[in-house]
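Here's the letter readout for the chains.
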Amino acid sequence: MPKKKVVLAYSGGLDTSVAIKWIAETYNMDVVTLTVDIGNVKNMKEIQARALKVGAIKAVVQEASDDFIKYFVWPALQANAMYQGIYPLATALGRPLIAKLLVDVARQEKASAVAHGCTGKGNDQVRFDVSVNAMAPDLQIIAPAREWHMSRDEEMDYAKKHNIPVPTTKRNPFSTDENLWGRSIESGVLEDPWTEPPAEVYQWTKSPSDTPDKPAYVEIEFAHGIPIALDGKHLESVAMVKQMHQLAGLHGVGRIDHIEDRLVGIKSREIYESPAATVFIQAHKALENMTLSKEQIRFKDRLANEYAEMVYNGLWFTSHHQDMAAYVQSTQRHVNGTVRMKLHKGTSSVVGRKSEESLYNYQLATYDKADTFDASASIGFIRIWGLPVQNQARTQLLKGRQSMPLALTEGDDAKSKK
Ligand code: ARG
């Protein structure tokens, strides 16, 4: 009987290299590796060669940057998705795509299992496993780092024993993940929330103290909520994101230091570098403020939270997601126009916006002569608008008193009476 096959998500690092050998030994399976490039892989050929050297029977590589931006990043941008209002979700958005490609390759290779390098502690294992189960419940999932119970030293010994190349450079003291939408950095000294992140944590952004004294201005043109041009120059999506990383990073924009609640509620200190996401989301919101109504903005803002939770919690392949995506998509019909951003010393600010579909109407907004707003109509409107407030104040709040008490609760009231 031929051996069973497993497709392993392979980064080329020590953990997943050891995993190739470990799975082959422990499960007696043939290992096919899959390396997906979503803006994180610099040396594809080398990684491929290493997988084969360590013992993979086949090393598949896939460039998926365009799909990542088109199907994951732009929809998240249209939704203004930021987990806990601050994390643009780079890592969380990458996982379902890698899971999908793992399943696709598993089908092509007639494999009976997929494998990934996640530990048994974080969010990423949940995102992988839940996504794989959604697409292919028949596939077994193997997570060596969750199963092997090896310490770092034991892992190094295992690697040496099996002729697996161990990194010769100094070990990265942090756990990092990176893709086109941002970098995530955790562990090491960062686990002390009082410690300022050391300079080497940051690789895409300059320290604001080392950035140019002169601010940079950049004009971002959006079509249906998606950036299509920078300073009037049309760019493909991947180039667009890369260029914004460069520019915003040069001005120190996009550093995030956050105490985050993991999926299971454990708090964790996370550092992110997301220069492009920071600027694009800010600009996108500014354009929405100009092209969506008050009600659309209010409702969509609530949805942004729910959408971010969905992404963070590994629920990408769900109907709840499809429903939210349909709403978000619909809201972007008129989100067309250009936003002017100023980048300076670690901050980005919106300094201008224009749109042919702008709902901003100078003649309604102005306090100048051009005013066309009928102020006399305000009197009747306010009388009716305030009627229920007046009614409630009389019957409940004032209760026959001459003046409104300042204390809002009974307890405070009692205290203030003493
Ligand atoms: N806390 C972030 C998230 O759950 C980032 C995880 C980063 N992963 C890593 N291997 N460092 O999305």
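Just above, that's the structure.
This one's a predicted model, so the numbers in the text were calculated from it and none came from an experiment. (Residues numbered from 1 in each chain as written. Predicted model: local features only at pLDDT ≥ 70, side-chain atom pairs only at ≥ 80, totals over all residues. Heavy atoms only, no water.)

Enquirer: How would you sum up a negative patch on the surface? Please name residues and give values.
Expert: On the surface, Glu63, Asp66, Asp67 and Glu236 cluster together into a patch of negative charge. Structurally, Asp67 is set in helix H3 (residues 65-78). (Patch = residues over 30% accessible without salt bridge, like charges linked within 9 Å, V, L, I, M, F, W, Y side chains within 5 Å. Areas by Shrake-Rupley, 256 points an atom, 1.4 Å probe, with all protein chains shown as cover. Salt bridge = Lys/Arg side-chain N within 4 Å of Asp/Glu carboxyl O. Lys, Arg positive; Asp, Glu negative; His and termini not counted. Charge placed at Lys NZ, Arg CZ, Asp CG, Glu CD. Helix = DSSP H or I, 4+ residues; strand = E, 2+ residues; numbered from the N terminus.)

Enquirer: Any details on the nonpolar core? Residues and values, ideally.
Expert: Leu89, Trp181 and Phe280 are the most contacted members of the largest nonpolar core, which totals 77 residues. For this core, the element with the most residues is helix H4 (residues 90-108), which contributes 11 residues. Of all hydrophobic cores here, the second largest spans 26 residues; its members include Tyr10, Trp22, Ala59 and Ile164. (Core = buried A, V, L, I, M, F, W, Y, C linked by side-chain atoms within 4.5 Å. Buried < 20%, exposed > 50% of the residue type's maximum accessible area, 1.4 Å probe, protein only.)

Enquirer: Could you give an account of the site of the ligand, naming the residues involved and the relevant values?
Expert: Around the ligand sit 15 residues in total, of which Tyr87, Asn123, Arg127, Ser175 and Glu260 are the nearest. At 2.7 Å, a side-chain N or O of Asn123 approaches an oxygen atom of the ligand. At 3.1 Å from a nitrogen atom of the ligand is found a side-chain nitrogen or oxygen belonging to Glu186. Going through the elements one at a time, H4, helix H5 (124-135), strand S6 (175-179), strand S7 (182-186) and strand S12 (267-273) are the ones with two or more residues in the shell around the ligand. No other element matches S6, which puts 3 residues into the shell around the ligand. Classifying every residue of the shell around the ligand gives 4 nonpolar, 5 polar and 6 charged. (Near = heavy atom within 4 Å. Polar contact = N/O pair within 3.5 Å; in protein donor to acceptor, adjacent residues only side chain to side chain. Nonpolar A, V, L, I, M, F, W, Y, C, P; charged D, E, K, R; others polar.)

Enquirer: Tell me about the sheet that holds strand S11 (residues 255-261), and please be specific about residues and values.
Expert: Strands sit in the order S6-S7-S12-S11 across an open sheet of 4 strands; the sheet is antiparallel. The open sheet is flanked by S6 and S11, the only strands paired with a single partner. Averaged over neighbouring strand pairs, the angle between their axes works out to 20° when direction is ignored. Pairing geometry for S11 and S12, over 7 bridges, is antiparallel. Bridge assignment links His258 to a residue of S12, and that residue is Glu270. (Pairing = 2+ DSSP bridges. Axes fitted to C-alpha atoms, helices over the stretch in contact; angles between N-to-C directions.)

Enquirer: Lay out the pattern of salt bridges with the relevant residues and their values.
Expert: A complete count under the given rule lists 19 salt bridges for this structure. A salt bridge links Asp138 to Arg107; the shortest N-O distance between them is 2.9 Å. A residue pair is termed long-range when its members are at least 10 positions apart, and Asp138 in the loop between H5 and strand S5 (140-142) and Arg107 in helix H4 qualify at 31 residues. On the accessibility criterion, Asp138 (52% relative accessible area) is exposed. By relative accessible area, Arg107 is classed as partly exposed at 40%. The closest approach of N and O atoms between Asp124 and Arg127, which form a salt bridge, is 2.7 Å. With Asp124 and Arg127 both in helix H5 and 3 residues apart, this pair spans about one turn of that helix. Across the pair, Arg127 and Asp124 agree in class, each one buried.

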